[in-house]
Amino acid sequence: MNTDAFFAKIRSYADLSAKAERAWSSFLRPRQYGKDEPFIRAGDVPTTCAFVVEGLLCQHYVGHGGDLIIKYFFPENRIAASVSATLLGEPSLFTISAIENSSVLEYDFAAFKALVRQFPDIAEFYIRYMERHWIIEKEPGEIAFRHDDAMQRYVDFIRKEPELHRRLKQHHIAAWLGITPESLSRLRKTIAITRPDRR
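What comes next concerns the included structure. Predicted model, so just to flag it, every value in this text is computed and none were measured.

### Topic: the overall build of the protein
Looking only at helices and strands, the protein has 10 helices and eight strands in total. Taking 199 residues into account, the globule formula puts the C-alpha radius of gyration at 16 Å, and the protein, at 18 Å, falls close to it. Along the three orthogonal principal directions, the C-alpha set of the protein runs to about 55 × 35 × 30 Å. Taking all contacts inside the protein whose residues are at least 6 apart in sequence as the whole, residues at least 24 apart take part in 69%. Only carbon and sulfur atoms are counted for the fraction: they give 52% of the accessible area of the protein, which is about 11,500 Å². Charge centroids of the protein, computed over 28 positive and 26 negative side chains, lie 3 Å from each other.

### Quick notes on the sheet that holds strand β1 (residues 29-33)
Pairing within the open sheet is antiparallel, and its four strands lie in the order β1-β8-β3-β6. Strands at the two margins of the open sheet, each flanked by one partner only, are β1 and β6 (79-80).

### Regarding the pattern of salt bridges
Taken as a whole, this structure holds eight salt bridges when the rule is applied. Here Arg128 and Glu124 are joined by a salt bridge, their closest N and O atoms 2.7 Å apart. In this pair, Arg128 and Glu124 both sit in helix α5 (residues 120-136), four residues apart, roughly one turn of the helix. Arg159 is the partner of Asp156 in a salt bridge, and the nearest nitrogen-oxygen pair spans 3.7 Å. Of this pair, Asp156 and Arg159 both sit in helix α7 (residues 150-160), separated by three residues, roughly a single helical turn.

### Things to note about the sheet that holds strand β2 (residues 38-40)
Here we have four strands laid out as an open sheet, ordered β2-β7-β4-β5, and antiparallel in their pairing. Of all strands in the sheet, those bounded by a partner on one side alone are β2 and β5 (68-74). When the angles between neighbouring strand axes are averaged without regard to direction, this sheet yields 35 degrees. With four bridges connecting them, strand β4 (residues 57-62) and strand β7 (residues 95-98) associate as antiparallel partners. Following the sheet pairing, Gln59 is matched in β7 by Ile96.

### With respect to the packing of α7 against helix α9 (residues 170-177)
Two numbers describe how α7 lies on α9: the axes approach to 10 Å, and their chain directions differ by 125 degrees. Taken together, the axes of α7 and α9 are oblique relative to one another. For the element pair α7 and α9, the recorded crossing hand is right-handed. Counting all contacts with α7, which are made through Ala150, Arg153, Tyr154 and Phe157, the residues of α9 involved are Ile173, Trp176 and Leu177.

### Notes on the environment of Arg153
Residue position: Arg153 is located in helix α7. Considered as a pair, Arg153 and Gln32 are 121 residues apart in the sequence and their alpha carbons are 32 Å apart.

### Considering the nonpolar core
Side chains of nonpolar character tend, in soluble globular proteins, to be buried together. Residues Phe6, Trp24, Tyr107, Phe112, Ile122 and Phe125 are the most contacted members of the largest nonpolar core, which totals 28 residues. Contributions of two or more residues to this core are made by α1 (4-11), α2 (18-25), β3 (48-54), β8 (102-108), α4 (109-118) and α5. It is α5 that provides the largest number of residues to this core, a total of five residues. With residues up to four places along the chain from it excluded, the contact list for Trp24 reads Phe6, Phe7, Ile10, Leu16, Tyr107, Phe112, Leu115, Ile122 and Phe125.

### Focus: the packing of aromatic side chains
In the structure shown here, the tally under the stated rule is 20 aromatic pairs. Aromatic side chains Tyr72 and Phe74 sit 4.9 Å apart centroid to centroid with 55 degrees between the ring planes, which places their arrangement in the tilted category. Taking relative accessible area as the criterion, Tyr72 reaches 34% and is therefore assigned partly exposed. Residue classification places Phe74 among the buried residues on the basis of a relative accessible area of 5%. Each member of the aromatic cluster is reached from another via a ring pair, and the members are Phe6, Phe7, Tyr13, Trp24, Phe51, Tyr107, Phe109, Phe112, Phe125, Tyr126 and Tyr129.

Parameters at a glance
The residue count restarts for each chain, going from 1 along the sequence in the order it is written. Owing to the predicted nature of the model, reporting of local features is limited to residues with pLDDT of at least 70; listing and counting of side-chain atom pairs is limited to 80 or more, with chain, interface and lining totals taken over all residues. Hydrogens and water molecules were not included; the side-chain quantities draw on all heavy atoms of the structure. Helical segments are the DSSP runs of H or I of at least four residues, strand segments are the runs of E of at least two, and each set is numbered from the N terminus. The size measure is the radius of gyration over C-alpha atoms, and the globule rule it meets is 2.2 Å times the number of residues to the 0.38 power. The contact criterion used is simple: two residues touch if any of their non-hydrogen atoms lie within 4.5 Å. Method for areas: the Shrake-Rupley scheme with a 1.4 Å probe, in which residue coverage is limited to the protein chains shown. Positive charges come from Lys and Arg, negative ones from Asp and Glu, while His and the chain ends are left out of the count. Just so you know, the charge point we use is NZ for Lys, CZ for Arg, CG for Asp and CD for Glu. The rule for pairing is simple: two strands pair if DSSP sees at least two bridges between them. Salt bridge, as used here: a side-chain nitrogen of Lys or Arg that lies within 4 Å of a carboxyl oxygen of Asp or Glu. In this analysis an axis means a line fitted to C-alpha atoms, helices contributing only their contacting stretch, and an angle means the value between N-to-C directions, from 0 to 180 degrees. Angles are sorted into four bins: roughly parallel if under 35 degrees, roughly antiparallel if over 145, roughly perpendicular if 65 to 115, and oblique for all others. Crossing handedness follows the turn of the near helix against the far one: under a right angle anticlockwise gives a left-handed crossing, and clockwise gives a right-handed one. Put simply, buried Ala, Val, Leu, Ile, Met, Phe, Trp, Tyr and Cys residues joined by side-chain atoms within 4.5 Å make one nonpolar core. A 1.4 Å probe rolled over the protein chains alone gives each residue an accessible area, and that area as a share of the maximum for its type sets the label: buried under 20%, exposed over 50%, partly exposed in between. Two aromatic rings from Phe, Tyr or Trp, using only the six-membered ring of Trp, form a pair when their centres are within 6.5 Å; if the ring planes differ by under 30 degrees the pair is stacked, by over 60 it is edge-to-face, and anything between is tilted.

What follows is the structure, encoded as structure tokens:
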């Protein structure tokens, strides 16, 4: 089991001692998910997190009208989890499933929290990770989603995630934007007309 990419990602937040890395490695488990296979199902109480080694997962739910709504994408080098439900030990409101055939490293969240209490360097990673993704990134994203129109959100997405934009199917992007695939087609045509040099 190759954990190099995983620990390189962890060290982008905080340095880890060799002892902490060995302790964490002891309960990392490789797993494969086929396209459309769920990692977490809505209604289940999640207990694990998954680092995406290869592939692409997304967090989604079904809206009031029966439409698919995508909340978040997890490409390579991101950690997929239903964080609030895992922390609270409550049923997840979302499903996380594979958009592509995916390879992940899974770890039990309770075992990880035990390491947080045991190793100050893992605790530092945990604090920095939560600060970055649940405060620094999350709040501006939520504000933009409420106040920016679909065109602005789409343009921002292309700018911030160009590789991910190329990989996604049109209906996945539409589900993330909260619009129909037909509306997304119109947005794409508008962008092509106004920015012909960037097709």
